[in-house]
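Residue-level structure breakdown
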Amino acid sequence: MGCCSLGCARRVESIMRIFAVAAALSIAMAGTPAAGTSPPDLPANLRRLAATAAGLPPEFQADTLLQIVESRGGLDAAVKKDLVERAFGAGQQARVEYPQVAVHRINPDSRQAFLAGALSLKLDRLSLETRAVRMMMAADASAARQMFTGIQKPIVAPGSCADALIPQLDDYYDTAAPVILHGFTAEEISRQEPTALLMRILSGVAAPYEIAPAARLILSVNLTSVQFEAALNALTLRLESIAPEDRSFGETAAAVQDAVAALAVHAGSGPSRIVLARAYRKYLTANYGKSKCSDMAGGRIGGDASISPVDWFNESELRSGLPAIEVKEITAAAGSAGGSPMHLDGFWTTPDSEKILSAARELRTAPNGMSWSAEQRTSSEWNQKLQDFLSQVGQWKQSGDESELDFFNEKAIVYQSLVDVCPAGDARKRLIAAFVDFLGGSDAAARNPVDWFWHAQNLYRRLGQAGDGDAANLMAAYKGSGNLILAVYAELYGR
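Residues numbered from 1 in each chain as written. Predicted model: local features only at pLDDT ≥ 70, side-chain atom pairs only at ≥ 80, totals over all residues. Heavy atoms only, no water.

**Comments concerning the overall build of the chain**
Counting its regular elements, the chain contains 23 helices and 2 strands. In the chain, which comprises 495 residues, the proportion classed as buried is 49%. Restricting the contact set of the chain to residue pairs at least 6 apart, pairs at least 24 apart contribute 74%. For the chain, the accessible surface area stands at approximately 22,500 Å², while carbon and sulfur atoms represent 53% of it. (Helix = DSSP H or I, 4+ residues; strand = E, 2+ residues; numbered from the N terminus. Buried < 20%, exposed > 50% of the residue type's maximum accessible area, 1.4 Å probe, protein only. Contact = heavy atoms within 4.5 Å. Areas by Shrake-Rupley, 256 points an atom, 1.4 Å probe, with all protein chains shown as cover.)

**Things to note about the state of the cysteines**
Under the criterion given, the structure shown has 1 disulfide. At a sulfur-sulfur separation of 2.0 Å, the disulfide partner of cysteine 161 is cysteine 293. Looking along the S-S bond of the cysteine 161-cysteine 293 disulfide, the torsion reads about -85°, which is the left-handed sense. Of this pair, cysteine 161 sits in the loop between α7 (141–149) and β2 (165–167) while cysteine 293 sits in the loop between α14 (271–288) and α15 (309–315), and the two are 132 residues apart along the sequence. For the pair cysteine 161 and cysteine 293, a shared accessibility class is recorded, and that class is buried. (Disulfide = S-S within 2.5 Å.)

**Thoughts on the nonpolar core**
One finds Tyr280 and Tyr478 to be the most contacted residues of the largest nonpolar core, which totals 139 residues. Counting residues in hydrophobic clusters, the runner-up holds 6 residues, among them Ile106, Ala113, Ile166 and Met342. (Core = buried A, V, L, I, M, F, W, Y, C linked by side-chain atoms within 4.5 Å.)

**Re the side chain of glutamate 251**
Summarising the element assignment, glutamate 251 is placed in helix α13 (residues 246–267). Note on glutamate 251: relative accessible area 17%, which makes it buried.

**Focus on the environment of alanine 206**
Residue placement: alanine 206 occurs in the loop between α10 (193–202) and α11 (208–219). Accessibility expressed as a relative area gives 47% for alanine 206, which makes it partly exposed. Separated by 37 residues in the primary sequence, alanine 206 and alanine 243 place their C-alpha atoms 8.1 Å from one another. Each residue touching alanine 206, except ones within four places of it in the same chain, is listed here: Arg238 and Ile242.

**Examining helix α2 (residues 44–53)**
Of all the 10 residues making up α2, 7 are buried; the element is thus mostly covered by neighbouring parts of the structure. Along α2, the residues that are buried comprise Leu46, Arg47, Leu49, Ala50, Ala51, Thr52 and Ala53.

**Quick look at the confidence of the model for the chain**
Mean pLDDT over the chain stands at 87; residues scoring 70 or higher make up 89%. Considering only residues more than four positions removed or in separate chains, one finds that residues 1–35, a stretch of pLDDT under 50, has 35 contacts. (pLDDT = per-residue confidence, 0-100.)

**Some points on the side chain of aspartate 63**
In this structure, aspartate 63 sits in helix α3 (residues 58–71). Among the polar contacts made by the side chain of aspartate 63, one reaches the side chain of tyrosine 489 at a distance of 2.5 Å. (Polar contact = N/O pair within 3.5 Å; in protein donor to acceptor, adjacent residues only side chain to side chain.)

**Concerning the packing of helix α12 (residues 225–241) against α13**
Across the interface, α12 lies against α13 with an axial gap of 11 Å and an inter-helix angle of 150°. Regarding the angle of α12 to α13, the classification is roughly antiparallel. The hand of the α12/α13 crossing is left-handed. Contact residues: α12 offers Phe228, Leu232 and Leu235, while α13 offers Leu263, His266 and Ala267. Grouping the constituent residues of the contact of α12 with α13 by class yields 5 nonpolar, 1 polar and no charged. (Axes fitted to C-alpha atoms, helices over the stretch in contact; angles between N-to-C directions. Parallel < 35°, antiparallel > 145°, perpendicular 65-115°, else oblique. Left-handed = near helix turned anticlockwise from the far one by under 90°. Nonpolar A, V, L, I, M, F, W, Y, C, P; charged D, E, K, R; others polar.)

**Observations regarding the packing of α3 against helix α4 (residues 77–91)**
Contact geometry of α3 with α4 gives a least axis separation of 8 Å together with a crossing angle of 160°. Put simply, α3 runs roughly antiparallel to α4. Pair α3 / α4 crosses with left-handed handedness. Of the residues in α4, those touching α3 at Pro58, Gln61, Ala62, Leu65, Leu66, Ile68 and Val69 are Lys80, Leu83, Val84, Arg86, Ala87, Ala90 and Gly91.

**Looking at the packing of aromatic side chains**
Scanning all chains against the criterion turns up 20 aromatic pairs. When the centroid spacing of 6.0 Å and the interplanar angle of 55° are considered together, the rings of tyrosine 489 and tyrosine 493 count as tilted. With a gap of 4 residues between them, tyrosine 489 and tyrosine 493 both fall in helix α23 (residues 484–494), about one helical turn apart. You can call tyrosine 489 buried: its relative accessible area is 1%. Put simply, the rings of Phe60, Trp452, Phe453, Tyr460, Tyr489 and Tyr493 pair up and form one aromatic cluster. (Phe/Tyr/Trp six-rings, centres within 6.5 Å; stacked < 30°, edge-to-face > 60°.)

**Quick word on the pattern of salt bridges**
By the definition in use, this model includes 21 salt bridges. With a closest N to O distance of 3.4 Å, glutamate 491 and lysine 479 form a salt bridge. Of the two residues, glutamate 491 sits in helix α23 while lysine 479 sits in helix α22 (residues 470–479), which places them 12 residues apart along the sequence. Of the residues examined, glutamate 491 reaches a relative accessible area of 28% and is grouped as partly exposed. Through salt bridges with shared partners, a single ionic network connects Asp63, Glu70 and Arg131. (Salt bridge = Lys/Arg side-chain N within 4 Å of Asp/Glu carboxyl O.)

**Some thoughts on helix α17 (residues 380–395)**
Every α-helix winds through 3.6 residues per turn, so residues three or four apart in the chain are directed the same way. Between its terminal C-alpha atoms α17 stretches 23 Å, which fits the 22 Å expected from 16 residues at 1.5 Å a residue. For α17, every residue scored as buried is listed here: Trp382, Leu386, Phe389 and Val393. Projected onto a plane normal to the axis of α17, the buried residues spread over an arc of 70° and lie on a single side. Residues of α17 that are exposed and point more than 90 degrees away from the buried face comprise Ser380 and Gln395. On the buried face of α17, the contacting elements are α16 (351–362), α18 (404–421) and α19 (426–440). (Expected span 1.5 Å × (residues − 1). Arc of directions from axis to C-beta.)

**Points about unusual backbone geometry**
A negative phi angle characterises most non-glycine residues, just as the trans form characterises most peptide bonds. Located in the positive-phi region is asparagine 222, a residue other than glycine, with phi close to 50°. Secondary-structure assignment places asparagine 222 in the loop between α11 and α12. Residue classification places asparagine 222 among the exposed positions, given a relative accessible area of 66%. Of note, serine 320 is a non-glycine position whose phi angle comes to about 50°, a positive value. With respect to the helices and strands, the residue serine 320 is situated in the loop between α15 and α16.

Listed below in structure tokens is the structure:
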């Protein structure tokens, strides 16, 4: 892989630093393990990898340690426990607190869409903590329970119509289920401690996106009829008191409806079913009776139970003797303003970025409006266009009208789209090398490491789907990049 002399010098220095750290820690770990290091019976290659991971940002350190446990069968339980405990501690230092998902209809070429992509890697604090707890269950269920109770469930500020992403706290509730089922001794079970933990969790349900996972939790922990009644009453109390917020309410309406239906089936004809019906009715009228976000489509009563929660409730057996929801109950007060539209920060909005985007399209589409054929993309004409474009990209500078992260995302998109259209061979290998040089030289690795790493992962996934061997070439380039994060992950994927 070619590079300028300064870039090569920095790369060599970085690689030497990687191996120096790994070697020093490996030697230290060869004898009696120091506090915070893994036991000596961890295989030497994995011990070196775990030691090298200590130099990564906390979210990557945690993920690396967990991947070692996940990918290596036959590890001693004490070794697993040590690695998972270290991962849990590192995960608690992750910069992003919890995952979020993009709402429907989001523009894919926007800062928010790419943030959602980065968050899908689950390198946030909550995802890493709960992942560690689930893995600890196999080694020490009691320790897993202690870890889970040490998790601080995120306190999320109320959402607004401007939000393009909504929190996703499902992992917290889904991880609670095995802890409640298997994390207590017989004596603790006799003291109703699992049920007490369940009730504490349910008392914290505070937003629409928590209702469905909380319902799944209730249905998955084998409660007695008395315990189920108590748990369902606790959830319905929260259902009645959640403050209306149209964005997350609308995005989760179908999931909440399904959850309510499942709870109703389990409740049978008991008194808790009526309590659930009243709470869900109040939840619908409270939310639909407020002003809607201006970009939220769809009527509140449409005469179709398959698309309207209100129609579903009115026609369902759950309603029983309760009055049907009427239009006047879900009509916002006269004069109340609708919520603001979703806020998105779009890409390709500066003159320079628009020129780059236009030139990139010319590498996909011939002058006649048709896509370049595979044969045409091997021609000297197309390859000259590619070289001219790469020169243009090399001269492309950040505009004062866009953030550093937006500029990085746009440039990463360009490189990956070129790799997509470039036929396998020397030209694509040069593009892969240019992309890896770009990643390694970007300040985004230090400032926004998860966003930065999403592009590294995304190209690897896309090349893997192509199945032509360039995914392995990309991993080799990552391994020799001089970037510690890329080198560690190349080692992980290469085992």
